Amino acid sequence: MKLITVLKQVPDAEARIRAGSGGVDLDGVTFVIDGMDEYGVEEAIRLREAGNDVEIVALALGPARYEEAIRTALALGADRAIHVETDTDLDPISQARVLAQVVQHEGADMVLVGGKQADWDSAALGPALAEVLGWPHSDWTTKLELAGANVTVEHDTDDGHESLTMPLPAVITTQQGLNEPRYPTLPNIMKAKRKELAKRSLDEFGAGSGLTQIVDQQIQTRERLGKMVEGDPATAAAELVRLLQNEAKVL
Amino acid sequence: MIGFELSDDQKQIQALARNFVKDNVTPVAAQHDRDETYPATVVEAAHEVGLLNVSVPEAVGGLGLSMLDEAIIGEEFGYGCMGIYTILMASELGIMPLLLAATPEQQQRFLAPLVEGPRLAAFALSEPNNGSDAGGLRTRAVFDGDEIVITGTKTWISNGGVADFSVVFASFDPALKHKGTVAVVVESDRPGLSTNKLHGKLGQRASPTYEMVFDDVRVPISNMLGQQGDGFKIAMRTLDKTRIPVAAGAVGVLRRALDESSKYANEREAFGRPIGQFQAIQFKLANMKIALETARLQTWYAAWLADNDKPHAEAAAIAKAYASDSAFDAAQEAINVFGGYGYMNEYPVEKLMRDVKLNQIYEGTNEIQRVVIARHVLQ
């Protein structure tokens, strides 16, 4: 069976990001494999370690620098990788249309992708991919088991979680709680050099320039009132309730 | 051509080392420092991910990483705990004489086991009455048929009592001075060898340091590296390389001193504003940054020379002396930035100073480094 793990490369969560009127300045920022996607890579490796006969293909759509994140996936245990290289920023729907073509061409049985992409905080890619492929999907998955031609999952809902079963092929979006990703070991980092990393051009997929264009970016700033409520606790609490009811109108 | 970009592999190695240190080293560093305990679980975990004994050649099952790779790893470990890094570094130091002078059979016999488990090597040169004057060894090696009999005492031996083997330097003919020395691999289970852990170090207290007593310890002559008379030469050629990781660890300490100081300077307020807005503090931070960038460049340059088989003794001496001196200065300035808190072991900066003091001393004191540098200048 063939598993495809879709991954992105995003700024390190600990990196200092500079933002100005022209948008986010990524110059000099350290990039890493998106942590949400790493759960998918780890899960694919665990499915193999559990005795399933699987081939793991890492798939990424993005600029040349993504290669480092792809190498990380190969060092973690992916067997080979496909990199659709482009400097064009595509919206999630357009990305899904490109990625779906690769997934179909590969004849994959399952796609694992992060529940959310840490760069633009979008959670659309996984569901969009399922939509394009016409496959069932489970988002925010925290537990996954193969059962013959089906996959059984648990995923988070607003109030708890639910269990689902669905036929393969399927799209699974991953998140914290599904597993604890391992480190790529040094021997595997060295071995990853020799693994296949196929480069594809975005032009092959007729993506154009995407469905949406970013025309402006602004940094959100919040003015704070800085109002201090004074007096003994009972009086202060009463005043706070009055302010929340009458001025902020949130109660 | 000059290139300053790390390769993809090196970036991955750096990321692995950084994540490993953040999760496994930094959280336990203060405790091992206070208790003077050996961090066995860290050494095991480092072995698991392949960060232990990285210089063991591919031919005998290792990774055969370069000196630059080792410097990249060393900086990350130095950032988390210089004492814990010394355990890994001293093992590479014990491996280096075998890389330089062992036969393929000896490499197979001694180095292959080092990648199979969390095992360590050690390098036994210093003696109670003999440090910098490495030609004046008092440990004796007597050739007896197909055996070598070793008698004497070694001290300040990192990993001495926890290593699988030590490379021991001894004299078979004191009259010949340097040319009367040999390098011999001594396995730790040889009868007559006893080790005593030394207590009371100022810093690097996670790293176990030993006195090793050799009382008629017999090893087969097949444990000798190179020829009779090669001992001193092997020791010096080893140290010309292994001073680079000492520098790299100091670069890590320096980076930590700067990170901790700049974080504190942004948080701590005095006279109504963060202390980082005062030039008195800014100048300290700027000086640390100047030292960090230059120390790392010199360390990587020395590593690059070593990896390309170019003369590197002087560059390694400059890196070792400069990185450790400036890391010590940065650590003690970090204490000044923290004020009273910096003097307490509740905060991480006093440990940096205690730890990196040793980088100025071991593998050739910084005075000896300057002798090496001056010798090259005057040539």
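1. Quick look at the overall build of chain B
Helices and strands together make up the secondary structure of chain B, namely 10 helices and 10 strands. Computed over the C-alpha atoms, the radius of gyration of chain B is 21 Å, within 12% of the 21 Å expected from 2.2 N^0.38 for a compact globule of 379 residues. In chain B, which comprises 379 residues, the share counted as buried stands at 57%. For chain B, the share of sequence-separated contacts (at least 6 apart) that also reach a separation of at least 24 residues comes to 75%. Accessible area of chain B: about 15,900 Å², with a carbon and sulfur share of 53%.

2. Describing the pairing of strand E4 (residues 165-171) of chain B
Residues and elements named next belong to chain B. Counting buried residues along E4, seven of its seven residues qualify, which places the element largely inside the surrounding structure. Alternating positions in E4 separate into two faces, Phe165, Val167, Phe169 and Ser171 on one and Ser166, Val168 and Ala170 on the other, with burial throughout. Bridge count between strand E1 (residues 121-124) and E4: four bridges; the pairing is parallel. Residue pairing across strands places Ala122 opposite Ser166, the latter belonging to E4. Summarising the sheet, E4 and strand E5 (residues 181-187) pair through seven bridges and their orientation is antiparallel. Looking across to E5, one finds that Val168 is bridged to Val184.

3. A short note on the domain arrangement of chain A
According to the domain assignment, chain A consists of domain 1 (2-205) and domain 2 (224-251). Using only C-alpha atoms to locate each centre, domain 1 of chain A and domain 2 of chain A end up separated by 47 Å.

4. Observations regarding the packing of helix H7 (residues 279-307) of chain B against helix H8 (residues 313-338) of chain B
Residues and elements named next belong to chain B. Taken N-terminus to C-terminus, the directions of H7 and H8 make an angle of 160 degrees; their axes are 9 Å apart at the nearest point. Classified by the interaxial angle, the pair formed by H7 and H8 is roughly antiparallel. Here H7 and H8 pass one another in a crossing that is left-handed. Contacts from Ile281, Lys284, Met288, Ile290, Ala291, Thr294, Ala295, Gln298, Thr299, Tyr301, Ala302 and Leu305 in H7 reach Ala315, Ala316, Ile318, Ala319, Tyr322, Ala323, Ser326, Ala330, Glu333, Ala334, Asn336 and Val337 in H8. Taken together, the residues that form the contact of H7 with H8 break down as 17 nonpolar, five polar and two charged.

5. A closer look at the pattern of salt bridges
Counted by the stated rule, this structure contains 41 salt bridges over all chains. The residue Asp79 of chain A makes a salt bridge to Arg48 of chain A at a minimum N-O spacing of 2.9 Å. With Asp79 of chain A in the loop between helix H2 (66-76) and strand E7 (80-85) and Arg48 of chain A in helix H1 (residues 35-49), this pair connects stretches of sequence that are 31 residues apart. A residue is classified by how much of its surface remains accessible, and Arg48 of chain A, at 26% relative accessible area, is partly exposed. In this structure, Glu5 of chain B engages Lys11 of chain B in a salt bridge whose closest nitrogen and oxygen atoms are separated by 2.7 Å. Since its relative accessible area comes to 62%, Glu5 of chain B is described here as exposed. Taken together, the salt bridges that share partners define one network made up of Arg18, Glu75, Glu76, Arg255, Lys289, Glu293 and Arg296 of chain B.

6. Quick notes on the interface of chain B and chain A
The partner chain A presents 13 residues to the 19 residues of chain B that form the contact. A combined buried area of about 1,400 Å² lies between chain B and chain A, and 61% of that area is made up of carbon and sulfur atoms. If you look at where chain B meets chain A, you find two salt bridges. Across the pair Lys193 of chain A and Asp9 of chain B runs a salt bridge, and its minimum N-O distance is 3.2 Å.

7. Observations concerning the nonpolar core
Counting residues in each nonpolar core, the largest one holds 125 residues, and the members touching the most others are Leu186 of chain A together with Leu51 of chain B. The greatest single-element share of this core, amounting to 12 residues, is contributed by H8 of chain B. Those residues within four positions of Leu51 of chain B in sequence are excluded, and the remaining contacts are Leu186 of chain A together with Leu16, Ala17, Phe20, Ala46, Ile73, Phe77 and Leu88 of chain B. Membership of the second largest hydrophobic core comes to 26 residues, among which are Leu61, Leu90, Ala96 and Val103 of chain A.

8. Observations concerning the sheet that holds strand E13 (residues 197-201) of chain A
All names here are of chain A. Reading across from one edge, E11-E10-E9-E12-E8-E1-E6-E7-E13 is the order of the nine strands in this open sheet, with mixed pairing throughout. What marks the edges here is a single partner per strand, and that holds for strand E11 (161-167) and E13. Ignoring strand direction, the axes of neighbouring strands in this sheet form an average angle of 30 degrees. Taken together, the seven bridges between strand E10 (residues 150-156) and E11 define a ladder with antiparallel strand orientation. The residue of E11 that forms the bridge with Asp156 is His161. On top of the sheet, H1 reaches strand E1 (2-6), strand E6 (55-62), strand E8 (110-114), strand E9 (137-147) and strand E12 (170-174); it is set at about 165 degrees to E1, its chief contact. The strands that H2 touches are E6, E7 and E13; relative to E7, the one it contacts most, it runs at about 165 degrees.

9. Considerations on the environment of Met96 of chain B
Residue and element names in this part refer to chain B. Along the polypeptide, Met96 turns up in helix H4 (residues 82-101). On the basis of relative accessible area, Met96 is assigned to the buried category, the value being 7%. Expressed as a C-alpha distance, the spacing of Met96 and Ala331, which sit 235 residues apart in the sequence, is 30 Å. Not counting residues up to four positions away in its chain, the partners in contact with Met96 are Met67, Thr238, Lys241 and Thr242.

The rules we used
- Residues numbered from 1 in each chain as written.
- Chains lettered and ligands numbered in written order.
- Predicted model: local features only at pLDDT ≥ 70, side-chain atom pairs only at ≥ 80, totals over all residues.
- Heavy atoms only, no water.
- Helix = DSSP H or I, 4+ residues; strand = E, 2+ residues; numbered from the N terminus.
- Rg over C-alpha atoms; globule rule 2.2 N^0.38 Å.
- Buried < 20%, exposed > 50% of the residue type's maximum accessible area, 1.4 Å probe, protein only.
- Contact = heavy atoms within 4.5 Å.
- Areas by Shrake-Rupley, 256 points an atom, 1.4 Å probe, with all protein chains shown as cover.
- Pairing = 2+ DSSP bridges.
- Domains from an automatic or database assignment.
- Axes fitted to C-alpha atoms, helices over the stretch in contact; angles between N-to-C directions.
- Parallel < 35°, antiparallel > 145°, perpendicular 65-115°, else oblique.
- Left-handed = near helix turned anticlockwise from the far one by under 90°.
- Nonpolar A, V, L, I, M, F, W, Y, C, P; charged D, E, K, R; others polar.
- Salt bridge = Lys/Arg side-chain N within 4 Å of Asp/Glu carboxyl O.
- Buried area = accessible area lost by both parts, 1.4 Å probe.
- Core = buried A, V, L, I, M, F, W, Y, C linked by side-chain atoms within 4.5 Å.

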